[in-house]
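Descriptive structure summary
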Amino acid sequence: MTARHPDLSGKKILITGAGSGIGAATAQRFLDEGALVFALDVNAQALSESWQDLSESRLRPIVCDVTDHDAMVSVYDTIARDHGGIDVVFANAGISIRHSLLDMSPKDWQQVIDVNLHGVFHTVMPAARLMHAAGSGSIIIMGSTNGMNAHRYYADYNVSKAGVIMLARSMALELAPFVRVNAICPGYVLTPMQKAEYTPDMLRAVDEKIPLGRHADPAEVAALVAFLASSEASYLTGTHIPIDGGETA
Ligand code: NAD
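Keep in mind that what you see is a predicted model, and the values were worked out from it rather than measured.

This next bit is on the site of the ligand. Ser20, Asp41, Asn92, Tyr157 and Thr191 are the nearest of the 29 residues found near the ligand. At 2.8 Å, a backbone N or O of isoleucine 22 approaches an oxygen atom of the ligand. Summarising the interface, the protein chains cover 92% of the accessible area of the ligand, which totals 830 Å² for the free molecule. Of the residues forming the shell around the ligand, the biggest block, three residues, is contributed by helix α6 (residues 192-197).

If you want it as structure tokens, here you go:
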């Protein structure tokens, strides 16, 4: 694929959850744009399977858990020492568990909030400090349409996504004018996460209720991330952008 955003060439980007789905598609997109990609995931096997055939010197896999604040700080310390800083961060890693509210245990709640809310905080805060000191940067946070409208059987997930949308908005206020922070809110994207939770019949039923009549391809979400990271989005900060085939319309 040809590069669409020439200003991303040579930029340093960290992507969490880069071993699968939207994160992997976004890592590929930024490689195509000529960026240096730090592809972070807690699952070493997913990372090596996604990137095994790639003799790509601009791809740096990192095995790390976003819920571990000290480990995330250490990742950024290493990047800053070896590469002089970070230009773009995509806080994408997330999990979801389908369960009814009445069955939800404190452990379930804790697990989802730990990765999807606290994990995003641990991902973006060390980056924000580096970018603030450097005087530039772009942070993109993975929200969801679940953070805009509640979806049944995903109460913990809905809360985590509403939380990160407000984190993006709060950070945008305090980091302006040099660092831009935006959230994106996909609807239904065909990824391993989605396939694990939905039967083929459920996937078809979802497609029928989406105005565009289908799930998103992960590459379509990656294209929005690349746009937000680029100078084309220079006046966008504090937004949360649905990319949902019209679902929330
Ligand atoms: P996925 O399961 O395919 O990929 C998620 C990746 O995150 C996996 O590789 C996993 O190992 C990694 N991860 C999980 N916990 C981690 C941790 N603690 N530390 C580091 N990495 C961790 O899922 P996906 O569908 O690509 O989802 C990516 C993001 O997009 C998630 O935040 C999800 O909530 C969000 N999202 C997905 C959809 C969808 O329909 N698929 C819709 C809206 C939002």
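From this point, the narrative continues.
As a further point, take the packing of helix α1 (residues 21-32) against helix α8 (residues 218-229). Put simply, α1 and α8 touch, their axes get as near as 8 Å, and they point 55° apart. Regarding the angle of α1 to α8, the classification is oblique. In this structure, α1 crosses over α8, and the sense of that crossing is right-handed. Within the contact between the two elements, α1 uses Gly21, Ile22, Ala25, Thr26, Arg29 and Phe30 and α8 uses Pro218, Ala219, Val221, Ala222, Ala223, Val225, Ala226 and Ala229. Looking at the contact of α1 with α8 residue by residue, the class counts come to 11 nonpolar, two polar and one charged.

Quick look at the sheet that holds strand β6 (residues 179-186) now. Read from one edge of the open sheet, seven strands run β3-β2-β1-β4-β5-β6-β7, paired in parallel fashion. A strand with exactly one partner marks an edge of an open sheet, and here the two such strands are β3 (59-63) and β7 (240-243). Between one strand axis and the next, the sheet turns by 20° as a mean value, whatever way the strands run. Inspection of the sheet shows strand β2 (residues 36-41) paired to β3 by five bridges, in the parallel sense. Each bridged residue has a counterpart across the sheet, and for phenylalanine 38 the counterpart in β3 is arginine 60. Contacts from helix α2 (residues 44-51) reach β2 and β3 within the one sheet, and its direction differs from that of β3 by about 165°.

With that settled, the discussion passes to the pattern of salt bridges. Following the criterion strictly, the structure yields four salt bridges and no others. Between glutamate 33 and arginine 29 there is a salt bridge; the shortest N-O distance is 2.9 Å. Residue glutamate 33 shares its accessibility class with arginine 29, and that shared class is buried. Put simply, aspartate 82 and arginine 81 hold a salt bridge, and the shortest N to O gap is 2.9 Å. A residue is classified by how much of its surface remains accessible, and aspartate 82, at 45% relative accessible area, is partly exposed. Judged by its relative accessible area of 62%, arginine 81 is exposed.

With that out of the way, let us pick up α8. Taking 1.5 Å of rise per residue, 12 residues should cover 16 Å, and α8 covers 17 Å from first to last C-alpha, within 8% of that figure. Within the sequence span of α8, burial applies to Pro218, Val221, Ala222, Leu224, Val225, Ala226, Leu228 and Ala229. Residues of α8 that are buried make contact with α1, β4 (88-91), β5 (137-142), β6 and β7.

Grouped together as the largest cluster of nonpolar side chains are 35 residues, with contacts concentrated most on Leu14, Ile86, Ile139, Ile141, Met171 and Val181. Counting only elements with at least two residues in this core, the list comes to β2, α3 (69-83), β4, α4 (106-134), β5, α5 (155-175) and β6. Setting aside residues no more than four positions away along its own chain, isoleucine 86 makes contact with Lys12, Ile13, Leu14, Phe38, Tyr76, Ile79, Ala127, Leu130 and Met131. By size, the runner-up hydrophobic cluster in this structure holds 30 residues, among which are Ala24, Ala35, Ile184 and Leu224.

Definitions and limits used
- Here the residue numbers are simple positions, counted from 1 along each chain's written sequence.
- Thresholds applied to this predicted model are a pLDDT of at least 70 for local features of residues and 80 or more for the giving and counting of side-chain atom pairs; totals over whole chains, interfaces and linings are not thresholded and use all residues.
- Only heavy atoms go into the side-chain values, all of them from the structure, while hydrogens and water stay out.
- Nearness is defined per residue: one heavy atom within 4 Å of the molecule or strand is enough.
- Identification of polar contacts relies on pairs of N or O atoms within 3.5 Å, with a donor-acceptor requirement for protein atoms, meaning one able to donate a hydrogen and the other able to accept it, and with residues adjacent in sequence counted only if both atoms are side-chain atoms.
- Surface accessibility in these figures is a Shrake-Rupley result with a 1.4 Å probe; residues are shielded only by whichever protein chains are displayed.
- Helix and strand assignments follow DSSP, with helices taken as H or I runs no shorter than four residues and strands as E runs no shorter than two, numbered in order from the N terminus.
- Axis lines are fitted through C-alpha atoms, for helices just across the contact stretch, and the angle between N-to-C directions can take any value from 0 to 180 degrees.
- Note that the term roughly parallel is reserved for angles under 35 degrees, roughly antiparallel for angles over 145, roughly perpendicular for angles of 65 to 115, and oblique for everything else.
- Note on convention: near helix rotated counterclockwise from far helix by under a right angle means a left-handed crossing. Clockwise means right-handed.
- Residues are treated as being in contact if the distance between any of their heavy atoms lies within 4.5 Å.
- Only Asp, Glu, Lys and Arg are considered charged in this grouping, and only Ala, Val, Leu, Ile, Met, Phe, Trp, Tyr, Cys and Pro are considered nonpolar; every other residue, Gly among them, is considered polar.
- In this analysis, strands are considered paired if DSSP registers two or more bridges between them.
- A carboxyl oxygen of Asp or Glu within 4 Å of a side-chain nitrogen of Lys or Arg is what we treat as a salt bridge.
- Partly exposed describes any residue whose relative accessible area lies between the buried limit of under 20% and the exposed limit of over 50%, with all areas from a 1.4 Å probe on protein chains only and scaled to the type maximum.
- A helix's residues, less one, multiplied by 1.5 Å, set its expected span.
- Buried Ala, Val, Leu, Ile, Met, Phe, Trp, Tyr and Cys residues that are joined via side-chain atoms within 4.5 Å together make up what is termed a nonpolar core.

Function-wise, these values are silent; they only describe arrangement.
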